[in-house]
Amino acid sequence: MSQTSAIDQLTAHVQHHFVDSDQQFESAKMGMWVFLVTEILFFGGLFAAYIVYRAWYPDLYIMASEQLDTFWGGVNTVVLIGSSLTVAMAIRSAQLNQQKGIVINLLITIALAFVFMVIKYFEYSHKFELGIFPGAYYTFEGIDHPQANIFFSIYYMMTGLHGVHVIVGIGLMVWLLVKARKGVFHSNYYTPVEITGLYWHLVDIIWIFLFPLLYLID
Amino acid sequence: MATEETARIKKLQVQRYKPEENPKVHFLNAEKGIWSWLTTIDHKRIGIMYLASIAVFFFIGGMLAILLRTELLTPAQNFVDANTYNQIFTLHGAIMIFFFLIPSVPAALGNLILPLQLGCKDVAFPRLNLASYYIYVIGALFTLTAIFTGGLDTGWTFYTPYSSTTSGSNVLLMTLGIFILGFSSILTGLNFIVTIHKLRAPGLTWSKLPLFQWSLYATSIIQVLATPVLAITLLLLTMERALSIGIFDPNLGGDPVLYQHFFWFYSHPAVYIMIVPGFGVISEIISTFSKKTIFGYWAIALSSLAIAFIGFLVWGHHMFTAGQSSLANMVFSFLTFLVGIPTGIKIFNWLATMYKGSIDMKTPMLYAMVFLFLFTIGGFTGIMLGALSVDIHVHDTYYVVAHFHYVMMGGMVMAFLGGLHYWWPKMFGKMYSEYWAKISCAIIFIGFNMTFLPQFVMGSQGMPRRYYNYIDQFQPFHQFSTIGSYVLGIGFFIMFGYLLHSLLRGKKATANPWGSRALEWQVSSPAPQHNFEHTPVIINGPYDYHKPMSEFQLGIAGSHNGHGSDADISQTNKEQAADKAK
Amino acid sequence: MSGHHISSAKFLWGVGISLLILTIITVGVAFIEIPSPWNIVVAIAIALVKASIVAAFFMNLYWDSRFNLLLLVVGILFFILLIGITLMDTLYRTDPLPSF
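Residue numbers restart at each chain and count upward from 1, following the sequence in its written direction. In the order they appear in the text, chains get letters beginning with A and ligands get numbers beginning with 1. With pLDDT at 70 or above as the cut-off, local features in this predicted model cover only qualifying residues; side-chain atom pairs require 80 or more to be listed or tallied, and sums for whole chains, interfaces and linings still use all residues. With hydrogens and water stripped out, all remaining heavy atoms of the structure feed into the side-chain values.

(A) Fine view of the overall build of chain C. By definition, any uninterrupted DSSP run of H or I lasting at least four residues is a helix, any uninterrupted run of E lasting at least two residues is a strand, and each is numbered from the N terminus. Scanning chain C for helices and strands turns up three helices and zero strands. In this setup the radius of gyration rests on C-alpha atoms only. A globule is expected at 2.2 Å times the number of residues raised to 0.38. On C-alpha atoms alone, chain C measures out to a radius of gyration of 19 Å, which is more than a quarter above the 13 Å that the 2.2 N^0.38 rule sets for 100 residues. On the principal axes, the C-alpha backbone points of chain C span a range of 65 × 35 × 15 Å. Burial classes follow relative accessibility: with a 1.4 Å probe on protein chains only, a residue under 20% of its type's maximum area counts as buried, one over 50% as exposed, and anything between as partly exposed. Counting every position in chain C, which comprises 100 residues, the buried fraction comes to 42%. Considering only contacts within chain C whose residues lie at least 6 apart along the sequence, 64% involve residues at least 24 apart. Accessible surface computed for chain C: about 5700 Å², of which carbon and sulfur atoms make up 75%. For this analysis, residues touch if any pair of their heavy atoms sits within 4.5 Å. Only the protein chains shown count as cover for residues, and all accessible areas are computed by the Shrake-Rupley method using a 1.4 Å probe.

Shown next as structure tokens:
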């Protein structure tokens, strides 16, 4: 009797249209990869705008990039890479049935994501103080180029959209944390952790490209 | 009848399961009450909800078209002023494209039929499927709000800088509405891709996949790759309008042609989202009603993928006169000629399928014939538009309007109607009046040609599109076209009439009224709630009309995922012994 | 569950540290004077290496079904098409019609 109920517990998550847990897991992973492809194309439009304008106004990009603090951009890169590491560790904990490991690693990931957003907040507010606003509200005099507002419009769009994705990631991981503390995840079922991890790694990858393209234009 | 699976370790218990005729319980009445519909995760119910929604939007878009054409009866103002006219054609285009055509076959028919044809119980992510539908509804609500609070007069293409600066209409709300709607399209595509890869029934290899599935697969690829670029374009447009970020506005140092690049990177593949599922429907209909295996299966399957790919390379043919570089113009023109080839391959294969077949000219087949004729005209004129020297003269004229109506309406809508009439018995368990259906089809065909054939002539003589008034020489064409649109409307009203009658008082349908070999016809009509009580087993292709129907009604005994319980095995042994004794 | 690759903690930390080192290299290279456009090429190349490491070893593509890798490759391919073909217009705007 207890044996069947133990098996039922392990397979309770399998939905009615799937044959077994493996099919469900593999389908969820494939679905998340398809979604990540859409994210690549979504950000791709912004990268396209960046490249088109950089090809037209290379000097503008060099001048404007000096307003971006390379140090804090680098710190943010390290922070995000660290958070990728910890979310990978969280998945590993789930695979090994270590509930405490899942919780701690998720907590650190969320904390690092918060650090990223705080640094972003200071970066943005520093720019606002200088009058570097997007679009029509741009009043900064420090860059001698008529299209200066365009560089910063692209900067705000790219980092802003990325920031929105970080916030969504934080929300997802808080939800995961709540479930992990209830013991929902175990070595037979950790699909939400796995696919949220995939999403988070893509957010990291996008930043890996944003950092040199925006901050390191010498 | 029991079959051994030699390559695998375990034996499968396979028996013949004939569909139940006129079932008492099916997916429409298994759960009752409106809440069960609003919270359903059954793909069939979601498909019905999509079907109802797109019918409503088709009606709204159609009414706007009638208004348009009535205004164009005379060059002077009839009953709307110029600004209102601009709003009418903008909304007609936006509603027809985003709220009717894009979801029509994939979301409505696809949701209903895809899992049934694949032999699975539902799509891979049923809750996501329901979410897709609600996202569609929310996007629609945003759009309707935009219509009633300022309207929209930019044309469905939202070209900058008019849409980002001067237009007094509610561009912001509309672009947000379509942004939201885009996610419905993306998530449906995602769902279909994973379902086709992961949830096929045992024995359903890629070489036995019905061509409708191939077309849905190609469409889903386009949806997943192109729609995000529309999303970012609309987001940038919204920022442009709200914050004047300047990347599309020449006054602020931006480039309006860049907007057109981003917009058409989605919107050209979007027209393939609209037509490729229709191609799949036509394959199913022609094969079924010719009682013949499809000719050139792999040619049709792979050409769907080819169209999906090449379709991404030709978007600049919408921008030949916009100010692109000459190099871009020439490359796009060349690639546009290429994209016609896979489509042509399909047309020839369909004709070859019909050759020496046993043609049964029922309503779906009639629509398929209409499709072949009208779409060929539309396709040819598209190639003509792809020639730079021709396009210089006819860009932004009624020639373009006629071309895209021939492909989108003469092609896609006819294919959709064919699919609707083909799968109607499966969805509702009722037949419709063949007599009235054929009359309606004839009226629609006549009305359609009356409306749009003159527009080719008008356009080549210089009548610009989206124009509120015109010079006198075009009036006869406009008037003929308007009368045609009224005839078209009558055809659709008749269709609404007999379909409603079918729902309320129609003759009950058998499980397989058309004698098709495809899997969705091997279950009862309407379909059972969970699609299949016993996992289907596929040993033949879906168009093998030379094999008896019994070979398409095979299933694995339901228990233990087909490995059979002792009772099943002993039953099979008994049957085998009985066969031997005979 | 079959087919679920579990990386060791040491391995994951190793991947993380290699990414940190590559980040330091990224910043370092930015301070070296490389003529344009090669400076962009080098920066993107390093970023590509980092992204590939994250995709292969954090996102487990190295051990995963090949189809997921195909999805990523196709996504990148279409991204390149978007940029490449757009540039074919924007880079050649003022060029005169090529003669044959």
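(B) Looking closely at the interface of chain B and chain A. The interface is formed by 39 residues belonging to chain B together with 36 residues belonging to chain A. Whenever Lys or Arg places a side-chain nitrogen within 4 Å of a carboxyl oxygen from Asp or Glu, that contact is recorded as a salt bridge. Across the contact surface, chain B and chain A share zero salt bridges. Polar contact is the term for a pair of N or O atoms within 3.5 Å; when the atoms are in protein, one must be able to donate a hydrogen and the other to accept it, and sequence-neighboring residues count only if both atoms are side-chain atoms. Our count for the contact surface shared by chain B and chain A stands at eight residue pairs in polar contact (both at pLDDT 80 or more). Broken down by element, the side of chain B that touches chain A gets its largest block of residues, 11 residues, from helix 7 (residues 211-243) of chain B.

(C) Looking closely at helix 3 (residues 58-65) of chain A. Residue and element names in this part refer to chain A. Where helix 3 is concerned, the buried positions are Leu60, Tyr61, Ala64 and Ser65. Buried residues along helix 3 cover an arc of 120° about the axis, so they all sit on one side. Of the surrounding elements, those touching the buried residues of helix 3 are helix 2 (21-56), helix 6 (148-181) and helix 7 (191-215). Picture the helix axis, draw a direction to every C-beta atom, and the arc is the one those directions span.

(D) View of the packing of aromatic side chains. Pairing of aromatic side chains requires ring centres within 6.5 Å, counting the rings of Phe and Tyr and the six-membered ring of Trp. Pairs whose planes differ by under 30 degrees are stacked, by over 60 edge-to-face, and all others tilted. Evaluated as defined, the whole model comprises 76 aromatic pairs over all chains. Taking 5.1 Å as the distance between ring centres and 65° as the angle between the ring planes, the aromatic pair formed by Tyr399(B) and Phe456(B) counts as edge-to-face. Note that Tyr399(B) is positioned in helix 13 (residues 398-428) and Phe456(B) in helix 14 (residues 434-460), a separation of 57 residues in sequence. For Tyr399(B), a relative accessible area of 8% translates into the label buried. Among the aromatic side chains, those forming a connected cluster through ring pairs are Tyr50(A), Tyr61(A), Tyr124(A), Phe128(A), Phe133(A), Tyr138(A), Phe151(A), Phe152(A), Tyr155(A) and Tyr156(A). A ring is scored as having a charge over it whenever the NZ atom of a lysine or the CZ atom of an arginine sits within 6 Å of its centre and within 35 degrees of its normal. Over the ring of Trp37(B) we find Arg45(B), and its NZ or CZ is 4.3 Å from the ring centre.

(E) Main features of the pattern of salt bridges. Counted according to the given criterion, the structure contains nine salt bridges over all chains. With its nearest N and O atoms 3.1 Å apart, the salt bridge here joins Lys44(B) to Asp42(B). Assessed through its relative accessible area of 10%, Asp42(B) is described here as buried. A salt bridge links Arg93(C) to Asp255(B); the nearest nitrogen and oxygen atoms lie 3.1 Å apart. In this pair, Arg93(C) is assigned in the segment after helix 3 (66-90) and Asp255(B) in the loop between helix 7 and helix 8 (256-290), connecting two distinct chains.

(F) Just a nonpolar patch on the surface, in detail. All names here are of chain B. A patch consists of residues whose relative accessible area exceeds 30% and which take part in no salt bridge; residues with like charges are grouped when within 9 Å of each other, and nonpolar side chains (Val, Leu, Ile, Met, Phe, Trp, Tyr) when within 5 Å. Where nonpolar side chains cluster on the molecular surface, the patch consists of Ile34, Trp35, Leu38 and Tyr134 and spans about 460 Å² of accessible area. When residues in the nonpolar patch are grouped by element, the largest group, three residues, is from helix 1 (residues 34-38). Residue placement: Trp35 occurs in helix 1. For Trp35, a relative accessible area of 62% puts it in the exposed group.

(G) Representation of the nonpolar core. Throughout, nonpolar core names a set of buried Ala, Val, Leu, Ile, Met, Phe, Trp, Tyr and Cys residues whose side chains join them through atoms within 4.5 Å. Core analysis: the biggest nonpolar cluster contains 293 residues, and Phe151(A), Phe98(B), Trp350(B) and Phe371(B) have the highest contact counts within it. Each residue touching Phe151(A), except ones within four places of it in the same chain, is listed here: Leu60(A), Tyr61(A), Ala64(A), Ser65(A), Leu68(A), Leu214(A) and Ile217(A). Judged by nonpolar contacts, the second largest core, of five residues, contains Val14(B), Val537(B), Leu554(B) and Ile556(B).

Nothing here speaks to function; it is all geometry.
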